[in-house]
Amino acid sequence: AAMGVQGLWDLAAPAGQRVHMSALENKVVAVDASIWLYHFLKAMRDEDGNMVRGAHLLGFFRRICKLLFLKIRPVFVFDGPPPRLKLRTLRLRAQQRAAEER
């Protein structure tokens, strides 16, 4: 199951544009902390495919250093509790994960 609001990128695409990182110099940029956490926990693996210990901390540290080196000031946004409308989706994801682990 895909994460996020289905079809959101298709809807927003006409208003978006790619920007080179240098264009963000001396700017404040909002970062979705949840996406970074998810990415680091899934992507940072050792030679045996196991999650790297402290992957979330290491990943955050490296990216923050890179942004600061480029003179980009990150502001981190953390999600609040999920809306009630999403509870069914979250339950289904948990059931799918449990089934995959068996």
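Calculation rules
- Residues numbered from 1 in each chain as written.
- Predicted model: local features only at pLDDT ≥ 70, side-chain atom pairs only at ≥ 80, totals over all residues.
- Heavy atoms only, no water.
- Axes fitted to C-alpha atoms, helices over the stretch in contact; angles between N-to-C directions.
- Helix = DSSP H or I, 4+ residues; strand = E, 2+ residues; numbered from the N terminus.
- Parallel < 35°, antiparallel > 145°, perpendicular 65-115°, else oblique.
- Left-handed = near helix turned anticlockwise from the far one by under 90°.
- Contact = heavy atoms within 4.5 Å.
- Core = buried A, V, L, I, M, F, W, Y, C linked by side-chain atoms within 4.5 Å.
- Buried < 20%, exposed > 50% of the residue type's maximum accessible area, 1.4 Å probe, protein only.
- Phe/Tyr/Trp six-rings, centres within 6.5 Å; stacked < 30°, edge-to-face > 60°.
- Lys NZ or Arg CZ within 6 Å of the ring centre and 35° of its normal.

### Considerations on the packing of helix α2 (residues 33–43) against helix α3 (residues 55–69)
Here is step 1 of the chain: α3 packs onto α2 with a crossing angle of 120° between their chain directions and a minimal axis gap of 8 Å. By the angle between their axes, α2 is oblique relative to α3. The two elements α2 and α3 meet at a crossing, and its hand is right-handed. Seen from α2, the contacting residues are Ala33, Trp36, Leu37, His39, Phe40 and Leu41; seen from α3, they are Ala55, His56, Gly59, Phe60, Arg63, Ile64 and Leu67.

### Let's talk about the nonpolar core
Here is step 1 of the chain: One finds Val31, Ala33, Trp36, Phe40, Met44, Ala55, Phe60, Leu67 and Ile72 forming the largest nonpolar core, which totals nine residues.
Here is step 2 of the chain: Going through the elements one at a time, α2 and α3 are the ones with two or more residues in this core.
Here is step 3 of the chain: Excluding anything up to four places from it in sequence, Ile72 contacts Met21, Leu24, Glu25, Lys27, Val29 and Leu67.

### A word on the packing of aromatic side chains
Here is step 1 of the chain: Under the criterion given, the structure shown has five aromatic pairs.
Here is step 2 of the chain: Plain terms: the ring middles of Trp36 and Phe40 are 6.1 Å apart, the flat faces sit at 65° to each other, and that makes the pair edge-to-face. One end of the pair is Trp36 and the other is Phe40, both in helix α2 and four residues apart, which spans about a single turn. As far as the burial class goes, Trp36 and Phe40 line up, both buried.
Here is step 3 of the chain: Ring centres 5.5 Å apart and planes at 50° place the aromatic pair Phe60 and Phe76 in the tilted group. Within this pair, whereas Phe60 is found in helix α3, its partner Phe76 is found in strand β2 (residues 72–77), the two being separated by 16 residues in sequence.
Here is step 4 of the chain: Assessed through its relative accessible area of 14%, Phe60 is described here as buried.
Here is step 5 of the chain: Through a chain of ring-to-ring contacts, three or more aromatic side chains come together here, namely Trp36, Phe40, Phe60 and Phe76.
Here is step 6 of the chain: One Lys or Arg, Arg63, reaches over the ring of Trp36 and ends 5.1 Å from the middle of that ring.

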